[in-house]
Amino acid sequence: MKLARILLTVCLLIGVGVSSAGQKASDFALRSVSDGNIRLSEYYGDVVMLNFWATWCGPCRQELPVLEELQKKFKRAGFTVLAVNVDTPDVDVADYLSEFQLSFPVLLDQSHEVVKKYNIRAMPGSVFLSRDGEIRHVHLGYKDGDQRKYEQIIEALLKE
Amino acid sequence: MTSPSKGFGVFLKSCVLAVLVIVSAGCSQLQEMTKLPEFQPWVAPYERGLLSREEMVRERHTYPSQFREHVYSVRGASQGATGSQGGGCGCN
Amino acid sequence: MAVIDLFFCMETPRLRFFLRLFLIPVVMVSTAWAVPLPKDKAEATYHYYDGGGVEVTGPALFIRKSVGDSVSVTGSYYVDEITSASIDVESYASPYTEERTEYSVSADYVENDAKISIAYVNSDESDYQSNTFHFDYAEEFFGGLTTASLGYSSGTDDVMSNISDFKDTADHDFYRLGLSQVVLPEMIIRANFEHISDRGFLGSPYRKALVNGVLFDENLPRTRRSNAFSLGADYFIETWSTAIKAQYRYFSDSWDIKADDFRLSATKSLQTHWIIEGWVRYYGQSSASFYQDQFSSVFTYRSRDKELSDFDSYSLGFGVEYLFEDISWLKTPSLAFGAEWIRYQYNDFYEYLNGDFNQNNNKQLYEFDATVAYVSFSTNF
């Protein structure tokens, strides 16, 4: 029983979210599906939506066209989506993407280094960064109607 | 197992806990105060890809496995705890 | 921390467990993994069974549609065309054909980490009508790694006879508990428990028992309580793109029947479009206390139902599935075909040659092979 108590306490105490609002976003460099290596800091000055997704995740698939609409709508105002894929190395992400016309970078995080750093606890997970690289909002999951929420967050961040 | 006085202590504590739970469910401020630190699953959501693979998914087709289960239960005396349920029939 | 201390001061383990179960979903911060609404699906299957002189074939249609974000409804239609010349029928009755139709409707409601399902099933044939109602609740915990479920079903049957005025009823209650746990990124384990309570006419108005070679109506107890428990594990071997699934199930009831059910299957994907599957199953049961192939005198409870006797069965099956590319609004359509061979070996049920039940020398233990097969087209939309 004592062991169970200790175990439970340990389990409950492990990990406090590192992905909380107001923090500076950790910089990283990942290989992209089409444009070579991409570093997050290259986008400082723009509002960034870091979207973590996988080919096996149904809601992620539904969300991709929505991300493309956001990209088209806000790109000129200084916004970009950075889609970070967390599939295992055996998955052909480029092939999966051929049916979508996506104009934003898709990065490969096969080792799960970045998704772990951002403590993403649901799929898909989106982290909204301000122009100076601060985490302003974390959105977990995707449902019909979330597009409106995303637009509101992005518009607010663009105004800053 | 537990003596009457201990049992009453447990009952009292559970009542307090139940009240706390019910109140915190409704009151968001109290909810903030009573929040436990977030639980970190040892298999993270982004590591769930393998379990979603077609090979791992049970019952991609609904009827084939249900029909097999039906044959097993009709041709034997046992039923239950298989994960699928159907209705009764006069299958003899 | 005060909350945790309060927990640990609890003396009764059972109370602690249930309160923890109740408290965790309320206090847990952000839902890390919401229960998904079942996907819209349509399926058409043709099933086939042939064994021991009984042939059952028929179609099954199934459709599931979501209504809004939280509700999903299903409807299904299933038919059994039965041609029976089983050993019992051959021995003391005449071959017959029959049709059984089964309709079911169900609805699922999901909210955050929980899912509630209700279903109604109606089965209809000329001498048997059954209505069953199901209720299930499932909830995810610990970041979606654990799913706990409980369920209750209630069925009422009207039992009749095609050859007499016989009429009676049977009632059934089912209580289910289930737990599934993600252990590793590539492994999930499951445990299920079910308690079943049957009351009423639980036998067959046609089947006969043998008392010293003479046919007598069988007579079964009017109550039965059963317990079934199963344990299973699914493991994915990434390098081989193969999923291995194993399950053991144990059954025991108030009629003294005990059964063991072992299953093992392997599912593998080939290239992009094919999935192949192979499985084996061993099932063995011991007989009901009131079962005998031949009774020496008229016992109150007596049955010669081979399905209540001591027997072993061995199965070998395989399946092949082809996954098509999306075709306009049909998403992930697939065509599956499968077949299973089952050998039934009875240890205390005899086949009496020449139909003479009195012979003590001209009998042999009964065994037969059955073939189960299906073709199924299924698609999401």
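Described in the following lines is the structure provided in the data block.

Reading guide: rules and limits
- Residues numbered from 1 in each chain as written.
- Chains lettered and ligands numbered in written order.
- Predicted model: local features only at pLDDT ≥ 70, side-chain atom pairs only at ≥ 80, totals over all residues.
- Heavy atoms only, no water.
- Helix = DSSP H or I, 4+ residues; strand = E, 2+ residues; numbered from the N terminus.
- Buried < 20%, exposed > 50% of the residue type's maximum accessible area, 1.4 Å probe, protein only.
- Contact = heavy atoms within 4.5 Å.
- Areas by Shrake-Rupley, 256 points an atom, 1.4 Å probe, with all protein chains shown as cover.
- Salt bridge = Lys/Arg side-chain N within 4 Å of Asp/Glu carboxyl O.
- Expected span 1.5 Å × (residues − 1).
- Pairing = 2+ DSSP bridges.
- Disulfide = S-S within 2.5 Å.
- Axes fitted to C-alpha atoms, helices over the stretch in contact; angles between N-to-C directions.
- Parallel < 35°, antiparallel > 145°, perpendicular 65-115°, else oblique.
- Left-handed = near helix turned anticlockwise from the far one by under 90°.
- Nonpolar A, V, L, I, M, F, W, Y, C, P; charged D, E, K, R; others polar.

Focus: the overall build of chain C
Right, so step 1: For chain C, the count of helices and strands is three helices and 18 strands.
Right, so step 2: A principal-axis box enclosing the C-alpha atoms of chain C has dimensions of 75 × 60 × 40 Å.
Right, so step 3: Counting all 381 residues of chain C, 46% fall into the buried class.
Right, so step 4: In chain C, the share of contacts with a sequence separation of at least 24, taken over all contacts with a separation of at least 6, comes to 55%.
Right, so step 5: Here chain C displays about 17800 Å² of accessible surface, and carbon together with sulfur accounts for 59% of that area.

Points about the overall build of chain B
Right, so step 1: When you go through chain B residue by residue, the secondary structure sums to three helices and zero strands.
Right, so step 2: Order of helices (α) and strands (β) in chain B, N terminus to C terminus: α-α-α.
Right, so step 3: For chain B, the computed accessible surface area is about 4500 Å², with 59% contributed by carbon and sulfur atoms.

Details of the pattern of salt bridges
All names here are of chain C.
Right, so step 1: Per the counting criterion, the structure on display carries 35 salt bridges over all chains.
Right, so step 2: Between Lys-65 and Asp-40 there is a salt bridge; the shortest N-O distance is 3.3 Å. Of this pair, Lys-65 sits in strand β2 (residues 54–67) while Asp-40 sits in the loop between α2 (13–27) and β1 (41–51), placing them 25 residues apart in sequence.
Right, so step 3: For the salt bridge of Glu-43 with Lys-41, the shortest nitrogen-to-oxygen distance reads 3.8 Å. Comparing Glu-43 with Lys-41, the two get one shared label, buried.

Structural notes on helix α3 (residues 62–74) of chain B
All names here are of chain B.
Right, so step 1: For α3, which comprises 13 residues, the first-to-last C-alpha distance of 19 Å matches the rise-based estimate of 18 Å (1.5 Å per residue) to within 8%.
Right, so step 2: When you tally the buried positions in α3, you get ten out of 13 residues, the bulk of the element.
Right, so step 3: Along α3, the residues that are buried comprise Thr-62, Tyr-63, Pro-64, Phe-67, Arg-68, Glu-69, His-70, Val-71, Tyr-72 and Val-74.

Notes on the pairing of strand β4 (residues 96–111) of chain C
All names here are of chain C.
Right, so step 1: In this sheet, β4 lies alongside strand β3 (residues 71–84) in antiparallel orientation, the contact comprising 14 bridges. Paired with Ser-84 across the strands is Tyr-96, a residue of β4.
Right, so step 2: Sheet topology note: the β4/strand β5 (residues 114–125) ladder contains eleven bridges and is antiparallel. The partner of Tyr-103 across the bridge, within β5, is Asn-122.
Right, so step 3: Connecting β4 to the antiparallel partner β5 that follows it, the hairpin turn spans two residues, and Asn-112 within it adopts a positive phi of roughly 50 degrees.

Here we look at the state of the cysteines
Residues and elements named next belong to chain A.
Right, so step 1: Tallied over the entire structure, the rule returns one disulfide over all chains.
Right, so step 2: Here Cys-57 is linked by a disulfide to Cys-60, with a sulfur-sulfur distance of 2.1 Å. Between Cys-57 and Cys-60, the S-S dihedral sits near 85 degrees, and the bridge is therefore right-handed.
Right, so step 3: Residue class for Cys-60 comes out buried when judged on its relative accessible area of 1%.

Regarding the environment of Phe381(C)
Residues and elements named next belong to chain C.
Right, so step 1: The residue Phe-381 is located in the segment after β18 (363–380) in this model.
Right, so step 2: With relative accessibility at 30%, the residue Phe-381 sits in the partly exposed group.
Right, so step 3: Residues Phe-381 and Gln-247, 134 residues apart in the sequence, show an inter-C-alpha distance of 32 Å.
Right, so step 4: Setting aside its immediate chain neighbours within four residues, Phe-381 contacts Asp-40, Lys-41, Ala-42, Ile-63, Arg-64, Lys-65, Trp-329 and Lys-331.

Focus: the sheet that holds strand β7 (residues 135–140) of chain A
Residues and elements named next belong to chain A.
Right, so step 1: One open sheet accounts for seven strands, arranged β2-β1-β5-β4-β3-β6-β7; its pairing is mixed. A single partner strand is all that each edge strand has here, and the edge strands are β2 (37–39) and β7. Ignoring strand direction, the axes of neighbouring strands in this sheet form an average angle of 30 degrees.
Right, so step 2: Summarising the sheet, strand β1 (residues 29–32) and strand β5 (residues 106–108) pair through two bridges and their orientation is antiparallel.

Details of the packing of helix α2 (residues 58–74) of chain A against helix α5 (residues 146–159) of chain A
Residues and elements named next belong to chain A.
Right, so step 1: Where α2 contacts α5, the axes come no closer than 11 Å and their chain directions differ by 30 degrees. Between α2 and α5, the crossing angle belongs to the class labelled roughly parallel. Considering how the two elements wind past one another, α2 and α5 form a crossing that is right-handed. Along the contact surface, α2 presents Glu-63, Val-66, Glu-69, Leu-70, Lys-73 and Phe-74, while α5 presents Gln-147, Tyr-150, Glu-151, Ile-154, Glu-155 and Leu-158.
Right, so step 2: Here the residues of the contact of α2 with α5 sort into six nonpolar, one polar and five charged.

Topic: unusual backbone geometry
Right, so step 1: Across the junction of Met123(A) and Pro124(A), the peptide omega takes the value -10 degrees, indicating a cis bond.
Right, so step 2: Here Pro124(A) shows up in the loop between α4 (113–117) and β6 (125–129).
Right, so step 3: For Asn119(A), which is not glycine, the phi torsion reads 50 degrees and is therefore positive.
Right, so step 4: Turning to its location among the elements, Asn119(A) is positioned in the loop between α4 and β6.
Right, so step 5: Unusually for a residue other than glycine, Gln271(C) sits at a positive phi of about 50 degrees.
Right, so step 6: Structurally, Gln271(C) is set in the loop between β14 (258–270) and β15 (274–285).
Right, so step 7: On the accessibility criterion, Gln271(C) (75% relative accessible area) is exposed.

Examining the environment of Ile154(A)
Residue and element names in this part refer to chain A.
Right, so step 1: As for its position among the elements, Ile-154 is in helix α5.
Right, so step 2: For Ile-154 and His-137, which are 17 residues apart along the polypeptide, the C-alpha to C-alpha distance reads 9.9 Å.
Right, so step 3: Discounting residues that sit within four places of it in the chain, Ile-154 has contacts with Leu-70, Phe-74, Phe-79 and Phe-128.

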